[in-house]
Amino acid sequence: MLNYSSASERNRVPIADFLIPLLHEKSVVDVLEIGSGSGQQALYFSQCYVAMKQALLGAGVFADNFASKASNSASKASNSASKASNSASKDRQVLNWQCTEMPENLPSLRQNLQGSGLKAPFELNVQACWPTINVDLLYSSNTLHIMSWLQVQAFFAGADSVVKSGGFLAVYGPFRYNGAFTSQSNAEFDHILRQHNSASGIRDFEQVNLLARKARFSLFADYDLPANNRLLVWQKVGLEVSHG
Ligand SMILES: C[S@@+](CC[C@H](N)C(=O)[O-])C[C@H]1O[C@@H](n2cnc3c(N)ncnc32)[C@H](O)[C@@H]1O
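All values derive from a computational prediction rather than experimental measurement.

The rules behind each value
- In every chain, residue numbers begin from 1 and rise along the written sequence.
- With pLDDT at 70 or above as the cut-off, local features in this predicted model cover only qualifying residues; side-chain atom pairs require 80 or more to be listed or tallied, and sums for whole chains, interfaces and linings still use all residues.
- Helix and strand labels come from DSSP, where a helix needs a run of H or I of at least four residues and a strand needs a run of E of at least two; each type is numbered from the N terminus.
- Exposure in this text rests on C-beta crowding, where 20 or more other C-beta atoms within 10 Å of a residue's own make it buried, 12 or fewer make it exposed, and counts in between make it partly exposed. The C-beta atoms are placed from the backbone.
- Contact definition: two residues whose C-beta atoms, as placed from backbone geometry, lie within 7 Å.
- By definition, a residue lies near a molecule or strand provided its backbone-derived C-beta atom is within 6 Å of it.
- Polarity classes work like this: nonpolar for Ala, Val, Leu, Ile, Met, Phe, Trp, Tyr, Cys and Pro, charged for Asp, Glu, Lys and Arg, and polar for all others, with Gly in that last group.
- Only when DSSP finds a minimum of two bridges between them are two strands counted as paired.
- To get an axis, a line is fitted to the C-alpha atoms, and for a helix only the part in contact is used. The angle between two axes follows their N-to-C directions and goes from 0 to 180 degrees.
- Multiply 1.5 Å by the residue count of a helix minus one, and that product is the helix's expected span.
- The arc in question is the one traced by the directions running from the helix axis out to the C-beta atoms.
- The term nonpolar core refers to a set of buried Ala, Val, Leu, Ile, Met, Phe, Trp, Tyr and Cys residues connected through C-beta atoms within 7 Å.
- Handedness rule for crossovers: strands pointing away from the viewer, path from the first strand over the helix to the second running clockwise, crossover right-handed.

Engineer: What is the right way to look at the overall build of the protein in this model?
Structural biologist: The helix and strand tally for the protein stands at eight helices and 10 strands. Taken over 244 residues, the protein has a buried fraction of 34%. Excluding contacts between residues fewer than 6 apart, the proportion of contacts in the protein whose partners are at least 24 apart in sequence is 74%.

Rendered as structure tokens:
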């Protein structure tokens, strides 16, 4: 695999523990990922999603039988039948995970995803043009502390433009809370990031959340993940969230 990241290999498992059930529960089908890197996470999440659907389909044999029997019998059973068949069709949904990258990382990502069944990735710099699409989830991992603050702002504006009303925005990485790092290792990481590029750095949760609210997202969950990282999930509510 080109551009392999051992950090991505480690953190994909705890992220999947929260993300994959959410994808199923909320009927998330179309996903756009920003800054996919090697594509390791996209590949892994897609495999986890298929495995989970297969497990559910196995367990759903009863629901299928029940649905067809009930629809042939008394009309009072029709509600249960349609619920069961809705749940069975939900279990068959496929995940359409679309990776993107900056131009310099696109060739390696493209090569890594070849033959995987995932769509070919495309170029997306958050500060340039965003595609005119509607997705159920915009996902990005370990990118906000790499981007400049202007790029982070562009990220949230772009999220507003592509995520459907009721859809989700999920961001993984380290964040500061109440102006403080959550660990000494994050403080050291921030120092290294800023030495490398003065525009980079670990972002304040409160400032990022404010950008999300301006982009019409409301905080849905803030998961505490290993190695002092978070998985922040917002839901698109349609109107700008009030600041009170
Ligand atoms: C630390 S890597 C994370 C890669 C991958 N998401 C992961 O978790 O392994 C940061 C990624 O952000 C991308 N990135 C940086 N600036 C960007 C921008 N302005 N627009 C889109 N992606 C950007 C980089 O190309 C890089 O792949």
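Now that the structure is up, let's keep going.
Engineer: Would you take a moment to explain the site of the ligand for this structure?
Structural biologist: Lining the immediate environment of the ligand, one finds 20 residues, of which Ser8, Gly35, Gly37, Ser141 and Asn142 sit closest. When the residues that make up the shell around the ligand are grouped by side-chain class, the tally is six nonpolar, 13 polar and one charged.

Engineer: Help me understand unusual backbone geometry, please; the structure alone is not making it clear to me.
Structural biologist: Only a minority of non-glycine residues have a phi that is not negative, and only a minority of peptide bonds are not trans. With a phi angle near 55°, Ser27 is a residue other than glycine that sits in the positive phi range. If you trace the backbone, Ser27 turns up in the loop between helix H1 (6-25) and strand S1 (30-34). In this structure Ser27 comes out as exposed when scored by C-beta crowding, with 11 C-beta atoms within 10 Å. Phi at Asn142 is positive, roughly 55°, even though this residue is not glycine. In this structure, Asn142 sits in the loop between strand S5 (135-141) and helix H6 (149-162).

Engineer: How should I be thinking about the sheet that holds S5 in this particular structure?
Structural biologist: One open sheet accounts for six strands, arranged S2-S1-S5-S6-S10-S9; its pairing is mixed. The open sheet terminates on both sides in strands that have one partner only, identified here as strand S2 (96-98) and strand S9 (217-225). If you compare each strand with its neighbour and ignore which way they point, the axes differ by 15° on average. Direction of pairing for S9 relative to strand S10 (residues 229-236): antiparallel, over a ladder of eight bridges. Residue pairing for S10: Leu225 is matched across the bridge by Asn229.

Engineer: Teacher, can you tell me more about H6 here?
Structural biologist: One turn of the α-helix equals 3.6 residues, which is why residues spaced by three or four share an orientation. With 14 residues, H6 should reach 20 Å at 1.5 Å per residue; the first-to-last C-alpha distance of 20 Å fits that figure. Against S1, S5, strand S6 (163-173), strand S8 (203-204) and helix H8 (205-214) lie the buried residues of H6.

Engineer: Looking at this model, I keep getting lost on H8. Mind explaining?
Structural biologist: Within H8 the residues assigned to the buried category are Val208, Leu211 and Ala212. Along the axis of H8, the buried residues cluster in a sector spanning 100°; they form a single face. Where H8 is buried, its residues meet H6, S6, strand S7 (175-176), S8, S9 and S10. After H8 finishes, the residue Arg216 shows a positive phi value of roughly 75°.

Engineer: I keep staring at the nonpolar core and nothing clicks. Help me out?
Structural biologist: Judged by nonpolar contacts, the single largest core of 49 residues is most densely connected at Leu138, Leu169 and Ala170. At six residues, S6 tops the list of elements feeding residues into this core. In this structure, Ala170 is in contact with Leu19, Leu137, Tyr139, Leu231, Leu232 and Val233, ignoring residues within four places of it in sequence.

Engineer: Which parts of the structure should I look at to understand the pairing of S1?
Structural biologist: In summary, the side chains of a regular strand alternate between the two faces of the sheet. The buried fraction of S1 is high, at four of five residues. Note that S1 and S2 share three bridges and pair parallel. Each residue of the ladder has a partner; that of Asp30, found in S2, is Asn96. Examined bridge by bridge, S1 and S5 share four bridges and lie parallel to one another.

Engineer: Is there a simple way to think about the pairing of S6 in this case?
Structural biologist: A large share of S6 lies buried, amounting to eight of its 11 residues. The parallel pair S5 and S6 is bridged by H6, and the resulting crossover is right-handed. Strand direction decides the pairing type here: S6 and S10, joined by six bridges, are antiparallel. Opposite Tyr172, over in S10, you have Leu231 as the bridge partner.

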